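Structural overview
Listed here are the chains, written in short residue letters.
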Amino acid sequence: MSKESLKERLDKGPVICAEGFLFEIEKRGYMASGEFVPMVSLDHPEILENLHKEFQHAGSDIVQAFTYNGHREKMRVIGKEELLEPLNRAALKIAKKVATNHIGKKKNLMAGNISNSNIWNQDDKNSQLEVEKMFREMVGWAVDEGADILIGETFYYAEEAYTALKVMKESGLPSVITIAPYGQNIMRDGISILDTCKELEQQGGDVVGMNCHRGPNTMLPYLKEIRKSLKCHVAGLPITYRTTKAHPTFFNLPDKNGCSCPTPHETTFPTALDPMQCSRYEIGQFAKEAYDLGINYLGVCCGANPMLIREVAEAVGLTVPASKYREKMDNHYMFGKNKRIPKHIKDYRGKA
Ligand SMILES: [Zn+2]
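Here goes a summary of the coordinates provided.

Considerations on the overall build of the protein chain
Broken down by element type, the protein chain carries 13 helices and 8 strands. Expected size for 352 residues packed as a compact globule is a radius of gyration near 20 Å; at 20 Å, the protein chain falls within 12% of this value. Per-residue burial for the protein chain yields a buried fraction of 48% across its 352 residues. Sequence separation of at least 24 residues holds for 73% of the intrachain contacts in the protein chain that already meet a minimum separation of 6.

Printed below as a string of structure tokens:
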């Protein structure tokens, strides 16, 4: 039996995609923050496989291979270029294995992944050709390892996103392409967020939208505009932090929550963002609002965890394997309404 395609799924309703592997693997102790290289696929494949399974259990329809930052330039930075292909293939094989062993009602799609290279220079053709080569080799490995779709994400240069899409389209696989503009609310090469998305649709992106850098509050206003202007399916995958108009991305988000021990770095990013974390309800509300606008490709990026993915899925009406364990506050020993809860315990709740 053949698998339903991404487009067929999106035409019918929501498709959930868990991103945010970088932050979650770092939190679990298997990646150096700041450096952020996904060596986990080689060093601790069982940990990565398990995280994929947890996201799958929480309702992620797409199993996205964790090759973010696993590109040639980053491997050069850490002096491990010889591990580039093994790292990519290992990450892809793990994602394929999990996607093949689906546990929900629907079969999963395995996605190959390319992303922001951080060497793209709008004034340097050589850097652009270098990036294109990096994309092409990674897409090649993804196709080789049986990817069902390709995801290009977190681009802050419009032209780099166009290049990623061009390379992804050469493979013939369905493409998801999402951008991540910085705090000036414009792509770094001066193209507006909306115009970048319009162009990505023109150039054949199957799903176009935004991911990362922005929390629900500073992503949704742009998603609204994008949804209105585009005919193709739209994607929205925010970070899970409370970004504001004054600080639209997590890079310069101040901690105004009574922090008693400031971060040793210039910014709360990336190691002291925890106090600005959105609650599950805020993430659920984002998903519902986006879905009501007609945005069917939904997920969470940095800050994602399985609980939040379940929240996204349930907010748009899905029941997923992890729904079995959604909150049951009625049975809480003090805040619950279960009739077995003793009155003297319940009555103390306000003073707890
Ligand atoms: Zn992210």
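So, helix 8 (residues 158-170)
For helix 8, with 13 residues, the first-to-last C-alpha span of 19 Å sits near the 18 Å given by 1.5 Å per residue. If you check which residues of helix 8 are buried, you get Ala158, Glu160, Ala161, Tyr162, Thr163, Ala164, Leu165, Val167 and Met168. In this structure, the buried side of helix 8 is in contact with strand 3 (109-115), helix 7 (125-144), strand 4 (149-155), strand 5 (175-179) and helix 9 (193-202). Remark: Gly172 follows helix 8 within two positions and exhibits a positive phi of approximately 85°.

A short note on the packing of helix 9 against helix 10 (residues 216-229)
Two elements in contact, helix 9 and helix 10, have axes whose closest approach is 10 Å; the angle formed by their N-to-C orientations is 40°. Our pair here, helix 9 against helix 10, has a crossing hand that is right-handed. Along the contact surface, helix 9 presents Ile193, Leu194, Cys197 and Lys198, while helix 10 presents Tyr222, Glu225, Ile226 and Ser229. Of the residues in the contact of helix 9 with helix 10, the class split is 5 nonpolar, 1 polar and 2 charged.

Side note on unusual backbone geometry
Each neighbour pair has its own omega, and for Phe269 with Pro270 the value is -5°, a cis peptide bond. Mapped onto the secondary structure, Pro270 falls in the loop between strand 7 (233-237) and helix 11 (280-293). A positive phi angle, close to 65°, is found at Thr154, a residue other than glycine. What makes Thr154 buried here is the crowd of 25 C-beta atoms within 10 Å. The backbone phi angle of Cys212 is positive, close to 60°, even though this residue is not glycine. Counting through the fold element by element, Cys212 comes out in the loop between strand 6 (207-211) and helix 10. Residue Cys212 is classed as buried on the basis of its C-beta count, with 28 C-beta atoms lying within 10 Å.

Rules of the game
- Residues numbered from 1 in each chain as written.
- Predicted model: local features only at pLDDT ≥ 70, side-chain atom pairs only at ≥ 80, totals over all residues.
- Helix = DSSP H or I, 4+ residues; strand = E, 2+ residues; numbered from the N terminus.
- Rg over C-alpha atoms; globule rule 2.2 N^0.38 Å.
- Buried ≥ 20, exposed ≤ 12 C-beta atoms within 10 Å, placed from the backbone.
- Contact = placed C-beta atoms within 7 Å.
- Expected span 1.5 Å × (residues − 1).
- Axes fitted to C-alpha atoms, helices over the stretch in contact; angles between N-to-C directions.
- Left-handed = near helix turned anticlockwise from the far one by under 90°.
- Nonpolar A, V, L, I, M, F, W, Y, C, P; charged D, E, K, R; others polar.

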